[in-house]
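Architecture and fold: a report
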Protein chains: 2
Amino acid sequence: MISTETLALLRSHRSIRKFKDKALPAGLLEEILVAGQCAATSSFLQGATIIRVTDKAKRQQLAEAAGNQPYVSSAAEFMVFCADLNRAGQCCEQYEKPFSGEFTEQFIIATVDTALLAQNVVVAAEASGLGICYIGGIRNNPRQVADLLDLPKGVYPVFGLCLGFPDQDPECKPRLPLPVIVKENSYNTDGDREAIAAYDNEIQEYYRTRTGGGHGISWSEQVSTLLSEKSRPHMRDFLKEQGFTFK
Amino acid sequence: MISTETLALLRSHRSIRKFKDKALPAGLLEEILVAGQCAATSSFLQGATIIRVTDKAKRQQLAEAAGNQPYVSSAAEFMVFCADLNRAGQCCEQYEKPFSGEFTEQFIIATVDTALLAQNVVVAAEASGLGICYIGGIRNNPRQVADLLDLPKGVYPVFGLCLGFPDQDPECKPRLPLPVIVKENSYNTDGDREAIAAYDNEIQEYYRTRTGGGHGISWSEQVSTLLSEKSRPHMRDFLKEQGFTFK
């Protein structure tokens, strides 16, 4: 039965940050992308474009733009997943209709389309024995990334994706207990505090014991830092320049 | 080898809008959600919350809020996938740090986290013989949905998901040709016009021949309408009320 194998595959996900110096066999990337593309798409928009970066100099520049993540240049494949309203916008022109890609809703559907497609690509890649790592770091310098890849208005880079044969075998990172993230009929946080406290201990232990040691901080402390800092405050203006005005 | 089966599974995706009146076997939903939860999460935020709706009256109200989609109330399971900065925001309080969930970037990471998790849930569900349908329609009346599910600030409903045993067997809907959505090294539309024109014919044919007949319009015409209309213009204000101010 398919179920068991695919569910086990999904449960075995961990990010890979060290890849073998080995190219993908011919045809595999295409097969993975075709499978990925079968993900659902909102209102049939198909609002995602993938830029596969094979140019070594561009790879290096992207690795730097993403905060010096070496695997961006060393992975067998690196792709930038872009939310794209430009392609469908051209169709407005063709049918002599006004283009209104400035609504927040349209930003959402293109972003979600891109993420659904990417996650399908990830599952297809992992099913093929490859490892992956999402690179949100490209949003550190989105203008530089957009210029490097000639992204027109209506298109923005959501994240990058490294893909290749793993040269490491890290543990899976424990997730929040299911009752914390799944609620019945209403948003209800009863019991969450205790469950998160227990999870925090688990995560501290995970960090302490993982290969190479670790900082041993809890999930709660980690995300408290994430959400208390100014988070890529340039994104708003960058997106505005790209035509996403959150109307 | 896992690869072939999982890739074939991904390629076989189509939305299901008619479900058997049959509950999921005990434990399956939990298994699917645990597998889904293993999806990557940006900066370890885990910024998604799932509201499983079992209350019949709420289901009915959600079906109406989503534009009278009957399968929202008739599917074995219906869940609302929410982007959630509230949970991590509580951690800021715990660590006496200011909460800054108003950045556009934080909206993006929570939205992307939610979509990655959902798509993993979808793959796990389909691997288990279930059918699914994403329900973007809940964004027709997001305030009503948020009130019905008691969503606090920092949380918004991204989409719903119907899940159950399929009672129909629709064809897969053809996707844009791969070279239109995958580019090498830069955003380059050479050849796209011709490729899209051929695809438009394919889609017109698909609509004409599918069960129940169809409107026979092309992809280009369909998305030109989508992007020329005011698209859920209430979303901006609704999100602002929920604390997402796109700073």
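Parameters and conventions
Residues numbered from 1 in each chain as written. Chains lettered and ligands numbered in written order. Predicted model: local features only at pLDDT ≥ 70, side-chain atom pairs only at ≥ 80, totals over all residues. Heavy atoms only, no water. UniProt positions renumbered as here; feature names shortened; annotations may be inferred. Domains from an automatic or database assignment. Helix = DSSP H or I, 4+ residues; strand = E, 2+ residues; numbered from the N terminus. Contact = heavy atoms within 4.5 Å. Polar contact = N/O pair within 3.5 Å; in protein donor to acceptor, adjacent residues only side chain to side chain. Pairing = 2+ DSSP bridges. Axes fitted to C-alpha atoms, helices over the stretch in contact; angles between N-to-C directions.

Chain A goes by NADPH-dependent oxidoreductase in an unreviewed UniProt entry, where it is assigned to Pseudohongiella nitratireducens. Chain A has a UniProt comment under Sequence similarities (unreviewed entry) that states "Belongs to the flavin oxidoreductase frp family."

Its domain assignment divides chain A into domain 1 (2–170) and domain 2 (173–228). Computed from C-alpha coordinates alone, the two centres of domain 1 of chain A and domain 2 of chain A are separated by 27 Å.

Turning to the environment of B:Thr54, a few remarks are in order. Relative to the elements of secondary structure, B:Thr54 occurs in the loop between strand 1 (48–52) and helix 3 (56–65). Sequence separation between B:Thr54 and B:Glu5 is 49 residues; the distance between their C-alpha atoms is 32 Å. Those residues within four positions of B:Thr54 in sequence are excluded, and the remaining contacts are A:Glu184 and A:Asn185. Here the side chain of B:Thr54 touches A:Glu184 through a polar contact of 2.8 Å, side chain to side chain.

Right, let's get into the UniProt feature "domain: Nitroreductase" (unreviewed entry) in chain A. Per the UniProt record, the feature "domain: Nitroreductase" (unreviewed entry) sits at residues 10–164 of chain A. A distance of 17 Å separates the end C-alpha atoms of residues 10–164 of chain A, which is 42% helix and 18% strand.

Attention shifts here to the sheet that holds strand 1 (residues 48–52) of chain A. One open sheet accounts for 5 strands, arranged 3(A)-4(A)-2(A)-1(A)-5(B); its pairing is mixed. Two strands in the sheet have a free side with no partner beyond their single neighbour: strand 3 (131–135) of chain A together with strand 5 (182–184) of chain B. Direction aside, neighbouring strands of the sheet carry axes that sit 25° apart on average. The pairing of strand 2 (residues 77–84) of chain A with strand 4 (residues 155–164) of chain A spans 8 bridges and is antiparallel.

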